[in-house]
Amino acid sequence: MWIDILLLAELARGPRHGYELRREVEAATGHSLSNNSLYPRLRQFVDGGAVLRSSEEQEAKPPRHVYSITDVGREVLHDMLAELPEGGTDQSREFHARLVNFAWLSPEEQLRVLEARDWVLVRNRDRVAALASVRVERWSRLALDHGIARIDAERSWLAGMRAEIQSGENPSEPTQEHR
């Protein structure tokens with residue numbers, strides 16, 4: 001679902017043709033997006049009324065398709081960002097796709113996403129700590145301790161974001177067009 005979020009969020013920034021859309025999502029994620037992944041998703045969005053497809057004439061070339069988000073698409077994007085699927089914050093890509101689009105969410109929704117991610121991290125930390133408590137081999141122990149430190153650092157980072165949102169000094173308040 002993280003790719004769907006990123007595709008709709010990119011279209012919410014403005015109309016794009018397929019190649020441009022793919023390039024933007026790849027640049028944002030560092031992951032390749034094949035045409036076999038991109039165009040079926042765009043077709044689903046068009047069929048569902050979330051995206052419009054129009055043709056743009058090109059000199060001496062076939063017309064290219066330009067995609068733009070609809071009001072339905074903006075609602076779909078918001079719902080994808082705000083409604084966490086089971087385990088949706090367990091996957092780092094799912095969480096980060098939401099995080100980079102936090103401006104679409106209310107502070108309450110932002111806090112709910114951060115709390116869900118924190119809950120996943122607590123669960124993962126407990127699991128890793130249990131493994132570390134029984135490992136005596138040096139390299140295993142170093143790797144597990146490093147994993148615990150990374151989880152603790154992310155939880156601290158999340159706590160800072162929650163505090164900023166709760167203070168009301170949220171610099172990423174969405175513009176009217178995002179709502």
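No experiment lies behind these values; they were computed from the predicted model shown.

## Structural notes on the packing of aromatic side chains
Where two aromatic rings form a pair, the distance of their centres and the angle of their planes describe that pair. The tally for this structure, following the rule as stated, stands at 0 aromatic pairs. Taking the ring centre of W139 as reference, the NZ or CZ of R138 above it sits at 4.6 Å.

## Considering the sheet that holds strand β1 (residues 16-17)
As summarised here, the arrangement of the 3 strands in space is β1-β3-β2, forming an open sheet in which the pairing is antiparallel. Looking at the sheet topology across the chains shown, the edges are occupied by β1 and β2 (51-58). Taken together, the 2 bridges between β1 and strand β3 (residues 61-69) define a ladder with antiparallel strand orientation. Pairing of H17 across the sheet is with V66, part of β3. With respect to the sheet, helix α1 (residues 2-13) is in contact with β1, β2 and β3, its orientation differing from that of β3 by roughly 95°.

## Considering the pairing of β2
Of the pairings in the sheet, the one linking β2 to β3 comprises 7 bridges and is antiparallel in character. By the bridge assignment for β3, L52 is matched with S68.

## Considerations on the packing of α1 against helix α3 (residues 35-47)
Interaxial distance between α1 and α3 falls to 11 Å at its minimum, and their mutual angle equals 65°. Overall, the two elements α1 and α3 adopt an arrangement that is roughly perpendicular. Taken as a pair, α1 and α3 cross one another with a handedness that is right-handed. Contacts between α1 and α3 involve I3, D4, L7, L8 and L11 from the first element and L38, R41, L42 and F45 from the second. Of the residues assigned to the contact of α1 with α3, the class counts are 7 nonpolar, no polar and 2 charged.

## Overview of helix α6 (residues 107-134)
Between its first and last C-alpha, α6 extends 41 Å over 28 residues, near the 40 Å set by a 1.5 Å rise per residue. Inspection of α6 places E109, Q110, L111, V113, L114, R117, D118, V120, L121, N124, V128 and A132 among the buried residues, and these make up the whole buried set. In this structure, the buried residues of α6 make contact with α4 (71-82), α5 (92-99) and α7 (138-167).

## Some remarks on the side chain of D118
Here D118 is to be found in helix α6. Those residues within four positions of D118 in sequence are excluded, and the remaining contacts are R155, L158 and R162.

## Considerations on the environment of D47
With respect to the element layout, D47 can be found in helix α3. Residue classification places D47 among the exposed residues on the basis of a relative accessible area of 69%. Once the C-alpha coordinates of D47 and A116 are considered, the two residues, 69 residues apart in sequence, prove to be 32 Å apart.

The rules behind each value
- Residues numbered from 1 in each chain as written.
- Predicted model: local features only at pLDDT ≥ 70, side-chain atom pairs only at ≥ 80, totals over all residues.
- Heavy atoms only, no water.
- Phe/Tyr/Trp six-rings, centres within 6.5 Å; stacked < 30°, edge-to-face > 60°.
- Lys NZ or Arg CZ within 6 Å of the ring centre and 35° of its normal.
- Pairing = 2+ DSSP bridges.
- Helix = DSSP H or I, 4+ residues; strand = E, 2+ residues; numbered from the N terminus.
- Contact = heavy atoms within 4.5 Å.
- Axes fitted to C-alpha atoms, helices over the stretch in contact; angles between N-to-C directions.
- Parallel < 35°, antiparallel > 145°, perpendicular 65-115°, else oblique.
- Left-handed = near helix turned anticlockwise from the far one by under 90°.
- Nonpolar A, V, L, I, M, F, W, Y, C, P; charged D, E, K, R; others polar.
- Expected span 1.5 Å × (residues − 1).
- Buried < 20%, exposed > 50% of the residue type's maximum accessible area, 1.4 Å probe, protein only.

By themselves, these observations are geometric and do not establish any function.
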